[in-house]
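Geometric and topological summary
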Amino acid sequence: MKIKLLFYNLVFILAIAFLVSQSNSQNENFWVKLNPAFSGATFVMDKETCVTCHDGDSESYSHTIHSRVFEKNPGNTLEASNCESCHGPRSYHIEDPDNKFSFTEEQYSLICQQCHQGGDMMSWKGSLHNNSEVGCISCHSVMEKKSDKALLSKESELDLCATCHSDVKAKAMRMSSHPIMEGKVNCSSCHNVHGSSAPGMLVKATTNETCYSCHQEKRGPFIWEHSPVREDCLTCHDPHGSNNKAMLVTQNASLCISCHQYGGHINEYRYNRVSTPYGDGCVNCHTTIHGSNHPSGVKFTR
Ligand code: HEC
Ligand code: HEC
Ligand code: HEC
Ligand code: HEC
Ligand code: HEC
Ligand code: HEC
Ligand code: HEC
Ligand code: HEC
Ligand code: HEC
Ligand code: HEC
């Protein structure tokens, strides 16, 4: 009995000791793993020391949210270490500035994730950006405030995305598009740039769910459903913009005829003619093309 108790006590004490040793060495291990030269280095915990030699960088940094929070309202010792929370324990560097510890972009992403994980960052690791070697600092500038939004490295989100996705920006300038240029809809309204489990890094699980988040009236359910609408809005629309009315992928008469080729009125010019430069055609009469709740709306004419 006594031996059993002793045994449990021992296991308990060992477990505690293990946890304590973990929390003590966790930070150091993290940095040594990034760069073995950090081995034995300690945190200086004094921004002013850094400022004596890095006044320029420190000045621009002082206007960022990190500087404000880490200095005035740090949540833990890592945040209180300020500069060193991103640059690692700097005692060797203070002794001799020639002891340098530069990081790759990928390493900086790990450094940021010490504090930024979970929430909408949950899928970062498997995200197309991370897998394409686009790190946090491709999009965020932490040493200098360049944007009013989220420390972005360009003044506006659109400018930022356009540096690598200029084709999408070009579409946003077409005749019909979401008000992206006006800043009323952002790329991040539909995309989680930090990664998501949906195709195309969409904010919702599917394209249609993403669209319904703003176009609720298209969600239905309707008495009379038009099946391509339920399946995928992108069958008919390009969400980035097009040169047809309502961001249609083609003028609407040819769009409809791509699926409804059979006879009757559909093939008559009188019905399918493109009545405006951008095409009204079929929806002149089939006005409830996204679905109808009218008892006799089976042909989407009301
Ligand atoms: C939130 C993370 C973070 C904090 C906090 C931070 N830095 Fe940086 N620092 C970076 C990153 C990332 C880079 C490299 C990319 C860049 O220049 O934006 C960098 C670059 C630098 C450079 C190198 C610039 C160059 O031209 O090579 C210096 C020097 C520097 N930081 C000093 C400091 C000092 C001093 C502080 C505190 C006053 C500080 N940093 C706080 C992340 C941080
Ligand atoms: C005695 C002067 C001095 C002090 C104090 C000092 N540095 Fe430096 N630091 C330098 C010099 C010199 C360089 C090299 C600059 C270059 O190569 O352009 C440098 C380079 C850097 C770099 C870029 C290279 C690297 O190692 O990543 C960072 C980041 C940096 N220092 C951060 C800090 C931080 C954080 C502190 C405070 C804990 C600090 N420094 C304190 C002189 C100093
Ligand atoms: C030591 C913890 C810590 C580290 C390391 C850190 N951050 Fe932060 N970051 C914070 C805190 C705290 C805030 C303040 C707002 C908050 O609580 O989310 C913040 C805010 C931000 C914001 C939001 C700014 C805004 O205007 O809303 C961005 C973007 C950001 N960090 C990016 C980064 C990037 C990129 C890195 C790596 C280069 C990084 N952070 C490293 C703790 C950290
Ligand atoms: C492809 C560009 C891009 C990359 C890569 C990126 N971000 Fe962001 N980040 C943004 C944009 C745009 C916003 C603002 C819109 C939003 O909140 O989604 C943002 C917002 C944030 C915010 C503040 C709001 C929030 O979502 O919590 C934090 C913190 C942040 N990013 C941290 C990071 C970190 C850490 C990494 C790397 C692991 C990273 N970002 C990688 C573009 C990027
Ligand atoms: C109204 C919602 C919406 C907006 C706003 C939006 N997108 Fe998209 N985007 C989508 C959808 C939906 C897809 C297709 C996703 C899938 O199924 O792969 C997509 C696909 C993409 C793709 C994948 C390849 C391609 O070109 O189709 C990229 C890159 C992209 N978007 C970037 C952007 C950028 C950059 C912006 C801002 C200029 C932006 N998106 C704005 C909804 C949107
Ligand atoms: C530094 C370059 C860079 C920046 C900045 C950038 N991206 Fe990307 N993005 C990429 C790369 C590389 C890929 C990988 C797939 C590819 O080549 O299109 C990608 C992929 C994507 C995809 C998924 C494409 C797909 O095929 O499913 C979307 C959506 C996207 N980016 C949106 C954005 C948005 C929104 C922004 C602005 C907040 C942004 N990106 C900023 C480089 C970048
Ligand atoms: C963040 C909100 C938001 C999301 C998400 C969204 N939209 Fe929109 N959509 C808008 C706004 C705002 C307008 C402009 C409305 C206006 O000007 O009256 C618009 C307009 C449209 C138009 C009409 C454009 C025209 O020229 O008449 C179409 C078509 C459209 N959206 C399709 C989609 C599709 C498809 C999706 C999903 C991929 C989607 N939207 C997701 C906000 C959104
Ligand atoms: C079968 C093709 C087709 C599909 C699929 C489709 N639409 Fe449309 N949509 C159209 C046509 C055609 C118009 C132009 C109507 C007009 O000119 O009056 C339009 C117009 C719109 C408009 C602007 C006018 C309005 O009715 O508010 C929005 C917003 C819109 N669609 C959203 C969506 C959404 C969201 C989805 C997916 C749930 C979707 N569409 C799926 C064909 C389609
Ligand atoms: C991607 C293929 C596709 C496109 C594009 C498409 N439809 Fe349909 N449509 C269907 C399918 C599938 C049905 C349901 C099958 C059926 O009942 O014959 C349907 C049903 C209909 C019906 C009711 C048919 C009936 O017999 O009750 C009308 C009317 C209609 N569509 C009009 C249009 C118009 C107008 C357009 C162009 C704005 C259009 N469709 C675009 C696939 C499509
Ligand atoms: C002048 C009004 C008008 C125009 C324009 C029009 N339709 Fe119709 N369409 C109708 C009416 C009314 C019906 C219902 C006929 C019935 O119930 O017998 C119908 C029925 C349909 C049907 C169901 C099958 C059938 O023949 O009953 C389809 C599919 C259809 N239209 C597609 C189209 C397409 C595609 C276009 C454009 C090329 C188009 N319509 C243009 C009025 C129109």
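Presented here is an overview of the structure given in this document. Going along each chain's sequence as written, the residues are numbered from 1 onward. The naming scheme follows written order: chains are lettered A onward, ligands numbered 1 onward. Local features in this predicted model are restricted to residues whose pLDDT is 70 or higher, and side-chain atom pairs enter the listing and the counts only when it is 80 or higher, whereas totals over whole chains, interfaces and linings include all residues. Based on all heavy atoms of the structure, the side-chain values leave hydrogens and waters out of the count.

Comments concerning the pattern of salt bridges
Take a side-chain nitrogen of Lys or Arg and a carboxyl oxygen of Asp or Glu: if they are within 4 Å of each other, that pair is a salt bridge. For the structure shown, the criterion picks out 7 salt bridges. Linking K145 and D148 is a salt bridge whose minimum nitrogen-to-oxygen distance equals 3.7 Å. Buried means the residue's accessible area, taken with a 1.4 Å probe over protein chains only, is under 20% of the maximum for its type, while exposed means over 50%, and partly exposed covers the values in between. The exposure class assigned to D148 is exposed, which follows from its relative accessible area of 77%. The salt bridge involving K149 is made with E157; its shortest N-O contact spans 2.7 Å.

Re the coordination of the iron atom of ligand 4
Protein ligation of the iron atom of ligand 4 involves H140 (NE2) and H194 (NE2), the donor distances falling in the range 2.0 Å. Considering all 6 donor atoms around the iron atom of ligand 4, the spread of angles at the metal, 88 to 178°, places the coordination shape in the octahedral class. One end of the pair, H140, is in the loop between α10 (136-139) and α11 (157-164); the other, H194, is in the loop between α13 (187-190) and α14 (207-212), and 54 residues separate them in sequence. Overall, H194 belongs to the buried group, its relative accessible area being 18%. Each metal site is built from N, O and S donor atoms within 2.8 Å (3.2 Å for Na, K and Ca), and since water is not included, such sites may look incomplete. Labels for metal geometry use angle windows, namely 85 to 135 degrees for all angles of a four-donor tetrahedral site, and for square planar (four donors) or octahedral (six donors) sites opposite donors over 155 degrees apart plus all others within 65 to 115; sites meeting none of these are irregular. A run of DSSP states H or I qualifies as a helix once it reaches four residues; a run of E qualifies as a strand once it reaches two. Both are numbered from the N-terminal end.

As for the site of ligand 7
Here, proximity means that at least one heavy atom of the residue falls within 4 Å of the molecule or strand. In the region of ligand 7, 16 residues are neighbours, and S176, H178, C211, C214 and H215 sit closest. Within the side chain of S176, an N or O atom sits 3.2 Å from an oxygen atom of ligand 7. Whenever two N or O atoms come within 3.5 Å, that pair is a polar contact, provided that in protein one can donate a hydrogen and the other can accept it, and provided that, for residues adjacent in sequence, both atoms are side-chain atoms. Interatomic distance of 2.8 Å between a side-chain N/O atom of H178 and a nitrogen atom of ligand 7. Residue assignment for the shell around ligand 7 shows that the elements contributing at least two residues are α13 and α14. Where each domain begins and ends follows an automated or database-derived domain assignment. Two domains each provide a minimum of three residues to the shell around ligand 7, namely domain 2 (118-203) and domain 3 (218-284).

Here's the deal with the coordination of the iron atom of ligand 8
For the iron atom of ligand 8, the full set of protein donor atoms is H237 (NE2) and H290 (NE2), and the range of their distances to it is 2.0 Å. Here the iron atom of ligand 8 binds 6 donor atoms, and the angle range of 89 to 178° at the metal identifies the geometry as octahedral. With H237 in the loop between α15 (227-231) and α16 (252-257) and H290 in the segment after α17 (269-272), this residue pair connects regions lying 53 residues apart in the sequence.

With respect to the site of ligand 10
For ligand 10, the set of nearby residues contains 12 residues, the closest of which are Y262, H265, C282, C285 and H286. Between ligand 10 and H265 there is a distance of 2.8 Å, counted from a nitrogen atom to a side-chain nitrogen or oxygen. Between a nitrogen atom of ligand 10 and a side-chain N or O atom of H286, the distance comes to 2.7 Å. Note that Gly is not counted as nonpolar here; it falls among the polar residues with everything else outside the nonpolar set of Ala, Val, Leu, Ile, Met, Phe, Trp, Tyr, Cys and Pro and the charged set of Asp, Glu, Lys and Arg. Tallied by class, residues from the shell around ligand 10 come to 6 nonpolar, 5 polar and 1 charged.

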